[in-house]
Amino acid sequence: MLNIKLTQPIKNVLSAQKAPLAMLLIFITMLFFKTPFYTSYNLIDLVNSNSTLLIVAMGFTVVLVAGGVDLSVGGVMTVSGIIAIQLINAGVAIPIAVLVSILFGAIIGAINGYLTVYQNTEPFIITLGMGVLLTGVAQQLTTARPISCTNPDFQNLANYKLFGQIPVLILVMIATVIIVVWILRSTSFGRNCYAIGGDYEVAKYSGINVLTTKTLTFVISGVTAALAGVMLSSWVNSGNSTYGDQTALYIASAVVVGGTSFAGGIGGAFKSLLGVMFIGVLSNAFNMIQIDSYIQQLLVGLFIVGIIWLDCYDRKLKKEVV
Amino acid sequence: MTTQSIISFIRNNLIIVGIFILAIITAIVEPNFLTTENLQNIMRQFGPLIMLSLGMTFIIMGGFIDLSVGGIISLVAVVTVSLIDPIGQVAALLVGITVGLICGLINSFLIIKGGALKQAEALFLTYGMSVVYTAIALIYTGAASVFLSYSKTSFSIFTAIGEGFVGPVSVTFVIFMVCLLILYIIESRTYIGRSISLTGGNMTAARLAGIPTERTIVFIYAVCGIMAAIGAVVLASRVTIASPIMGKGYETQAILAVVVGGTALLGGKGSVIRTVIGTLLIIMMSNCLNLLGVTTYIQYMLRGAILILAIWLDNRKQYSEGY
């Protein structure tokens, strides 16, 4: 009896806090390897290189919480980055080009939302098709070659270092995280998202405007993906139609690792932050101990399958208990 | 036929009508379209895709989806071609098909044991498995391509599949007809065939009615794995090369072909015959666009747009039928 009482809380903590615990494990493991992992350069670079993914993950989380899925984030990211660069190359002022790109993301989000919410289609397959479509758009815009920005100021958008240390990209990421955490936790819109994701019909009959709210979640996802795309293009000073190839899957698994569920109604923005950072730290550690890149791909694939499988399995067990 | 019924026919088959109009325009503008050479070209492209689409039809009819076929093609192709030298062509072929079958069984095992019985969950799991299969193929060959013609022992079967003819029809076409016949008989005459559409229609109801839903899921993924393997062999024979990334993009094309043919994505309704029509239309469309000089990038865009349109229209149809 005593045994069960003691292990139960430990089990609960283990299953609820998978991402932070696993991250802690990696940090401890890395102490035993003589690598440049624990240098301020690597740690800042670690946050910096995951910032664009974190920005995408924030919008993705909002959609997931409200019971939808947005697989077009990779496509939106790529195209908006390319639009920004091409507008600036054509002589448009940088702020206007950035705004147009973000507006583009919002429009794609609105189309996704209209098709899935108002026309009642399956979100994952519609947004998958939208991702294919946008990849085609990106290839057409760039003729499938990487393009670069001719205006040197564009790079500073992400790379300018505040106090000579912290890149603007990180600040934009932190601002996005704070805004999305605030939206989900402290606004009625955020609470409605949880209600809709938890049970669509119940939310509808309790007087929540389910159609508008759910469509708005797709718009938010489009906006964050477009913002991430612009920041990514500025960070590496180029636009390429292949940037978004695996983003949707990567973000989806990272968000689920963090503890947001595909079932909807469970999770949060801060959890997604931990999830994305965990996968980032993992692949950084892999690089540091020099694992072959194809073996890395295999490990990441197995890891993604494992995490999604566990998410499904947890729900299956809960269903059987009820 | 009254005008009313013509209008409603066009509305219900918008995409099929659209592709036919495209074909007619191409035939008028570009006289090369109706030459024997071009029609043979269409038939050649038809080969690998139709195998995948036939397998994918069973999956979608059963209410699931499989994004791992791209990875399975890559893996089977490199394994089969690289094994011709060490163990001979017949054994290599059998090992290749077995690898496809095993991949399908792994997918179904993950789905059943994890309880990933929703289409979206199956989509993510198989997408992840696609990454895994591709990574295994990359590690297996060290990211290099394997050339069929470098084999020292005989590879006559592969040459026959790639280029051979039986009378007026190609060997690939014969393989396709055999697969179609077997799958059609399974679909329309057997217990397991009926179980597939019942499982896709309403899984809970099917299970309560005593249909072995789990066995059905294993069956459809196994068939899809085998068909993907056959597609990989046909593809590798035609291009005489096996690359560890050659399957990329085939999964969306197969889903597109199935959906354009008219198999409902929600499961329960569909047929392998419809998929044959859908695949023909997709390949004819890309052939027309090539002849008209449209870039591959815009074709990629159109593929996405048609996928969205097909699902949207299908949904509207089901609602108007009072579903």
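Residues numbered from 1 in each chain as written. Chains lettered and ligands numbered in written order. Predicted model: local features only at pLDDT ≥ 70, side-chain atom pairs only at ≥ 80, totals over all residues. Heavy atoms only, no water.

S.K.: Quick question: what am I supposed to make of the overall build of chain A here?
M.R.: Scanning chain A from terminus to terminus reveals 14 helices and four strands. The globule rule puts the C-alpha radius of gyration for 322 residues at 20 Å, and the 20 Å found for chain A is close to it. For chain A, the spread of C-alpha atoms along the three principal axes comes to 75 × 60 × 35 Å. A separation of at least 24 residues holds for 77% of the contacts in chain A among residues at least 6 apart in sequence. Between the mean site of the 15 positive side-chain charges and the mean site of the 11 negative ones, chain A shows a separation of 9 Å. (Helix = DSSP H or I, 4+ residues; strand = E, 2+ residues; numbered from the N terminus. Rg over C-alpha atoms; globule rule 2.2 N^0.38 Å. Contact = heavy atoms within 4.5 Å. Lys, Arg positive; Asp, Glu negative; His and termini not counted. Charge placed at Lys NZ, Arg CZ, Asp CG, Glu CD.)

S.K.: Help me understand unusual backbone geometry in this model?
M.R.: Apart from glycine, the bulk of residues carry a negative phi angle, and the bulk of peptide bonds sit in the trans form. The phi dihedral of A:Asn237 is positive, around 50°, even though this residue is not glycine. By the element assignment, A:Asn237 lies in the loop between α11 (210-236) and β4 (238-239). Positive phi outside glycine occurs at B:Thr240, with the angle close to 50°. Relative to the assigned elements, B:Thr240 resides in the loop between α11 (213-239) and β4 (241-242).

S.K.: What is the right way to look at the interface of chain B and chain A in this model?
M.R.: Reports of interface size often rely on the accessible area that becomes lost once the parts have come together. Chain B puts 42 residues into the contact, and the matching count from chain A is 41 residues. Considering only the side of chain B, the residues that lose the most area to chain A are B:Phe124, B:Tyr297 and B:Ile308, jointly responsible for 19% of the buried surface there. Across the chain B-chain A interface, the total number found is six residue pairs in polar contact (both at pLDDT 80 or more). Contributing elements (two or more residues each) for the side of chain B that touches chain A: α5 (89-114), α6 (119-141), α12 (250-261) and α14 (296-320) of chain B. Sorting elements by how many residues they give to the side of chain B that touches chain A places α6(B) first, with 15 residues. Taken together, the residues of the side of chain B that touches chain A sort by class into 30 nonpolar, eight polar and four charged. (Buried area = accessible area lost by both parts, 1.4 Å probe. Polar contact = N/O pair within 3.5 Å; in protein donor to acceptor, adjacent residues only side chain to side chain. Nonpolar A, V, L, I, M, F, W, Y, C, P; charged D, E, K, R; others polar.)

S.K.: Any chance you could explain the confidence of the model for chain B here in plain terms?
M.R.: Put simply, chain B has an average pLDDT of 88, and 98% of its residues get 70 or more. Per the prediction output, this complex has pTM 0.86; the corresponding ipTM is 0.81. (pLDDT = per-residue confidence, 0-100.)

S.K.: Help me understand the packing of helix α4 (residues 73-89) of chain A against helix α5 (residues 94-118) of chain A, please; the structure alone is not making it clear to me.
M.R.: All names here are of chain A. Here α4 crosses α5 at 150°, and the two axes come no closer than 9 Å. As the angle between them shows, α4 and α5 are arranged roughly antiparallel. With respect to the hand of their crossing, α4 and α5 are arranged in right-handed fashion. In this structure, α4 contributes Val76, Val79, Ser80, Ile83, Ala84, Leu87 and Ile88 to the contact, and α5 contributes Ile94, Ala97, Val100, Ser101, Phe104, Gly105 and Ile108. (Axes fitted to C-alpha atoms, helices over the stretch in contact; angles between N-to-C directions. Parallel < 35°, antiparallel > 145°, perpendicular 65-115°, else oblique. Left-handed = near helix turned anticlockwise from the far one by under 90°.)

S.K.: Even after reading the chapter, I still don't get the packing of helix α8 (residues 171-189) of chain B against helix α13 (residues 272-291) of chain B, so can you show me in this structure?
M.R.: Between two packed helices, both the angle of their axes relative to each other and the distance between the axes serve to describe the pair. Residues and elements named next belong to chain B. Two numbers describe how α8 lies on α13: the axes approach to 9 Å, and their chain directions differ by 145°. Between α8 and α13, the residues in contact are Phe176, Leu180, Leu183, Tyr184 and Glu187 and Val272, Ile273 and Val276, respectively. Looking at the contact of α8 with α13 residue by residue, the class counts come to seven nonpolar, no polar and one charged.

S.K.: For this particular structure, what's the right way to read the side chain of B:Thr263?
M.R.: Structurally, B:Thr263 can be placed in the loop between α12 and α13. Sequence-distant contacts of B:Thr263, that is, excluding residues within four places in its chain, are made with B:Thr57, B:Ile60, B:Met61, B:Val258, B:Lys269, B:Gly270, B:Ser271, B:Arg274 and B:Thr275.

S.K.: Is there a simple way to explain α6(B) in this structure?
M.R.: Residues separated by three or four positions in an α-helix point in the same direction, a consequence of the helix having 3.6 residues per turn. Residue and element names in this part refer to chain B. Taking 1.5 Å per residue, 23 residues should reach 33 Å; α6 reaches 33 Å between its end C-alpha atoms and fits that length. A large share of α6 lies buried, amounting to 19 of its 23 residues. A positive phi of about 65° marks Gly142, the residue just after α6. (Expected span 1.5 Å × (residues − 1). Buried < 20%, exposed > 50% of the residue type's maximum accessible area, 1.4 Å probe, protein only.)

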